[in-house]
2 protein chains.
Amino acid sequence: MVIVEVLKALADETRIRILNVLYKETLCVCDLEEILKLNQSNASRHLTKLKNAKLITGTKQAQWVYYRVNEKILEEYSFVNELLKKELDKIPQCQKDVARLKKYKERGGSCEKNVRIDDN
Amino acid sequence: MVIVEVLKALADETRIRILNVLYKETLCVCDLEEILKLNQSNASRHLTKLKNAKLITGTKQAQWVYYRVNEKILEEYSFVNELLKKELDKIPQCQKDVARLKKYKERGGSCEKNVRIDDN
DNA sequence: AAAGTATATGATTAAAATCGAATATAGTAA
DNA sequence: TTACTATATTCGATTTTAATCATATACTTT
């Protein structure tokens, strides 16, 4: 059951948080590490699970891999679209993550630069 | 994260199958056992998980507990509504289960009667 | 070519989840 | 009251999942 594989990929807090920020902006693994304070290998592993469920797509550019939400699956499964569009913004943790994303961007955060959000 | 608890409850094939038939009709545990060929304790446990996630409601009547989809959560979370309304009918296994539900009803299946679907 | 950086993967551990058999609990029938 | 039925819960075994550290792989810089 493909649907259940998609639901399994969605049924994890960290992956929901990842999807939330990737829905707003294309980011690479190290971006996500900084914004969401994820361990590198854990970030990579979660991204792989989302990619395997076709929820995100990855594009390699030099040594960086940029991930973004896969628009095709939003068309195919309207419930995923509803979830991303209507529900994630209501979650306090996700709101915090979006704020961190903005702060990261304001500081010129990107893969090529080693930008920190937290000042300690 | 409440949403993740809901998603976790949804992220299981057996529970999807249960939701599919409960979306069509109120049923008790023993109904579900026969229609979906579930082990009694497993059926009960899955129903408990769905109930804890507020996806279904249970009503006790004598020794029987009747379960149905919780309409309130469909209003609260439109993505669940989309999933139940748009996706489950597309799943072959779910289609089979609905056929079994009909057959069960045609044979007068209910809690008070010991109705079998499979003739062996 | 060696060193450095980004990311995926292997290994390991701990926690969570699943399942069937057995049993406890609650309600009904005899 | 005892026997029966429906359902929830316990128990034990197994599987799955999540996380971190270490390492492999791929690309860039020196």
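Structure shown above.
Structure report, in brief. (Residues numbered from 1 in each chain as written. Chains lettered and ligands numbered in written order. Predicted model: local features only at pLDDT ≥ 70, side-chain atom pairs only at ≥ 80, totals over all residues. Heavy atoms only, no water.)

## Some remarks on the pairing of strand β3 (residues 64-69) of chain B
All names here are of chain B. Put simply, the rule reads: At least two DSSP bridges between two strands are required for those strands to pair. Secondary structure elements follow DSSP: runs of H or I no shorter than four residues count as helices, runs of E no shorter than two count as strands, and numbering proceeds from the N terminus.
Judged from the two bridges that link them, strand β1 (residues 27-28) and β3 form a sheet pairing that is antiparallel. Its bridge partner lying in β3, C28 is registered against Y66. As paired strands, strand β2 (residues 56-61) and β3 are joined by six bridges and run antiparallel to one another. Across the sheet, residue I56 finds its bridge partner in β3, namely V69.

## Considerations on the sheet that holds strand β2 (residues 56-61) of chain A
Within a sheet, adjacent strands bond to each other through the backbone by hydrogen bonds, running parallel or antiparallel. Strand order in the open sheet made by the three strands is β1-β3-β2 (chain A), with antiparallel pairing throughout. Looking along the sheet, the strands with just one partner apiece sit at the ends: β1 (27-28) and β2 of chain A.

## As for the protein's contact with DNA strand C
What counts, and what does not: Being near a molecule or strand, for a residue, comes down to having at least one heavy atom within 4 Å of it. Whenever a nitrogen or oxygen atom comes within 3.5 Å of another N or O atom, the pair is scored as a polar contact, on the condition that within protein one atom can donate a hydrogen and the other can accept it, and that pairs from neighbouring residues in sequence are kept only if both atoms are in side chains.
For DNA strand C, the set of nearby residues contains 23 residues, the closest of which are S44(A), R45(A), Y67(A), H46(B) and K49(B). If you look at DNA strand C and keep only atoms within 4 Å of the protein, 61% of those are sugar or phosphate atoms. R45(B) is positioned with one of its side-chain polar atoms (N or O) 2.9 Å from a base oxygen of DNA strand C. Interatomic distance of 3.4 Å between a side-chain N/O atom of K49(B) and a phosphate oxygen of DNA strand C. Going through the elements one at a time, α3 (29-36), α4 (40-52) and β3 (64-69) of chain A together with α4 (40-52) of chain B are the ones with two or more residues in the surface near DNA strand C. With five residues, α4(B) is the largest single contributor of residues to the surface near DNA strand C.

## Looking at the interface of chain A and chain B
Interface size is commonly expressed as the accessible area that is lost once the parts come together. How we decide: We call two residues in contact when some of their heavy atoms are within 4.5 Å. Two parts placed together each lose some accessible area; with a 1.4 Å probe, that loss summed over both constitutes the buried area. A pair is scored as a salt bridge if a Lys or Arg side-chain nitrogen falls within 4 Å of a carboxyl oxygen belonging to Asp or Glu.
Contacts between the two partners involve 22 residues from chain A and, on the opposite side, 21 residues from chain B. Contact between chain A and chain B buries roughly 1,800 Å² in total, counting both sides, with carbon and sulfur atoms accounting for 75%. Interface area lost by chain A to chain B is led by M1(A), L7(A) and F79(A), which between them contribute 31%. At the junction of chain A with chain B, the criterion picks out zero salt bridges. Along the contact surface separating chain A from chain B lie two residue pairs in polar contact (both at pLDDT 80 or more). Those elements that provide at least two residues to the side of chain A that touches chain B are α1 (2-10), α2 (13-24), α6 (78-87) and α7 (92-106) of chain A. Here the side of chain A that touches chain B gets six residues from one element, more than from any other, and that element is α6(A).

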